[in-house]
Amino acid sequence: MKTEYYQLSQMMVQDCHSGVPVAHRIKGFYEETIRKFGNNEYIERFKMKRSTVQALIAFLKPYLKPGNVPLDKKVHVFLWFMVNDSSYSDIGRLFGLHKSSVSYIFHEIALLLTEEKERFISWPSVEKQQLISNNVNSRFRFPNCVGFIDACRLKVGSQRNKREKPDIVLLQAVCDDYLTFVDVHVGDIGKTKKSKLFKDSSLSNELKIKVDFQKHILGDSEYKLKKYLITPFTSEEVLTSEEMKFNEIHWKTRSYIAHAFELLKERFRKLNHIDVLKPESVNILIISACVLHNFVLLHEGCSEVKEELITCDDGVTINSNVVKTAEEKRQFLCNYIEYMGIENN
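Within each chain, residues carry numbers counting from 1 in the order of the written sequence. Given that the model is predicted, a residue must reach a pLDDT of at least 70 before its local features are reported, and side-chain atom pairs must reach 80 or more before they are shown or counted; all residues, however, enter totals for whole chains, interfaces and linings. Note that the side-chain values use all heavy atoms of the structure and ignore hydrogens as well as water.

Student: Which residues make up the side chain of S100, and what are the values?
Tutor: Secondary structure elements follow DSSP: runs of H or I of four or more residues count as helices, runs of E of two or more count as strands, with numbering from the N terminus. Summarising the element assignment, S100 is placed in helix α7 (residues 99-115). For the exposure calls, accessible area comes from a 1.4 Å probe over protein chains only, and a residue counts as buried if that area is under 20% of its type's maximum, exposed if over 50%, partly exposed in between. Of the residues examined, S100 reaches a relative accessible area of 6% and is grouped as buried. Within the structure, the side chain of S100 is placed 2.9 Å from the side chain of H98, a separation counted as a polar contact. Side-chain atoms alone can form a polar contact between residues adjacent in sequence; in general such a contact is a pair of N or O atoms within 3.5 Å, and within protein one must be able to donate a hydrogen while the other accepts it.

Okay, here's the thing in structure tokens:
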């Protein structure tokens, strides 16, 4: 990636002296149009407020060296690339740049955001986990839950060749009750098993350290049941009414992660069909989109999540001397949810 970044930087320098016809580029679109955008136009065109874009420019300023393209223009070029399905050439014509300059700008900023991802994507503290647990329990009556895991399928490949079927890459993520990503991992292109993706991720080994026995995250039945990762009952045998009720509440509760993925792909349309070619570029594109997702939530909040009055207590205490296996923990939670349902009726 560093080598590719250097090659692109050399191409960008050469572009300043290239013979690319200026007539094929739009003059002044950024300088005379975008700079005059109001907040509503920013939200429509860039899927975020003008103040959020300015905050991003301020964050990037200490890291990016001055160049032929001003920093504020670079950031707008990068965001335009992320929120649209336009090619390097299309964006170059729009912003009056060669496609190699657009490619350079994308790699420069995406690589930086990827390297700084831990500043914006981090596992919640014990205190924060307790707040998440309280909020989730209050809303869905599912106790002791501190996160939600799933993987979404993203198409990768050229959009020009319609005959060629696109490859698939999986993005695994854990989010909290605010739709903020607290852990992300991108799989290898072409590998589409969620269970294998989880096993290959660092989270599979770290989760038992990050989450104590009393707490857990929720995942669907494609994940293996663990004491710290609770999955629904499967229908290999006839389910009891209590187990079906548990599955229903489990499904509703883990809907947070589906909403997070929807919000991510609605804002960053480039993820709907990733047409960059190199696997390293695919990776930094996806990770930088996740970083920006959290960056926007940090500065704008999340209108998709309703602020609700917490009406439940801290959850339930699980006796580890009695409940020792993942199966026993799930059954305990099932019994507790059934009991609380009867209590509240």
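Student: Explain the nonpolar core to me, using residue names and the numbers behind them.
Tutor: Buried Ala, Val, Leu, Ile, Met, Phe, Trp, Tyr and Cys residues form a nonpolar core when they are joined through side-chain atoms within 4.5 Å. With 90 residues, the main nonpolar core has F78, F95, L171 and F181 as its most contacted residues. For this core, the element with the most residues is helix α13 (residues 279-300), which contributes 12 residues. Throughout, the edges of the domains are those of an automatic or database domain assignment. Formed jointly, this core draws a minimum of three residues from each of two domains, domain 1 (25-119) and domain 2 (121-340). In this structure, W123, I149, V182 and L197 belong to the second largest nonpolar core, which totals 17 residues.

Student: With reference to specific residues and values, describe the environment of D150.
Tutor: With respect to the helices, strands and loops of the structure, D150 is situated in strand β1 (residues 145-156). On the accessibility criterion, D150 (18% relative accessible area) is buried. Taking the C-alpha atoms as reference, D150 lies 9.2 Å from F261; in sequence the two are 111 residues apart. Setting aside residues no more than four positions away along its own chain, D150 makes contact with L171, Q172, A173, K194, D220, Y223, I257 and F261. Looking at D150, its side chain comes within polar contact range of the side chain of K194, at 2.7 Å. Whether two residues touch is decided by their heavy atoms; if any such pair falls within 4.5 Å, the residues are in contact.

Student: An account of the pairing of strand β3 (residues 181-186) is requested, with residue identities and associated values reported.
Tutor: For β3, the tally of buried residues reaches five of six residues, placing the bulk of the element in the interior. Strands pair, by our definition, only if DSSP identifies at least two bridges between them. Where strand β2 (residues 167-175) and β3 come together, five bridges link them in antiparallel fashion. Across the sheet, residue L171 finds its bridge partner in β3, namely V186. Between β2 and β3, which pair antiparallel in sequence order, lie five residues; one of them, L179, sits at a positive phi of approximately 70°.

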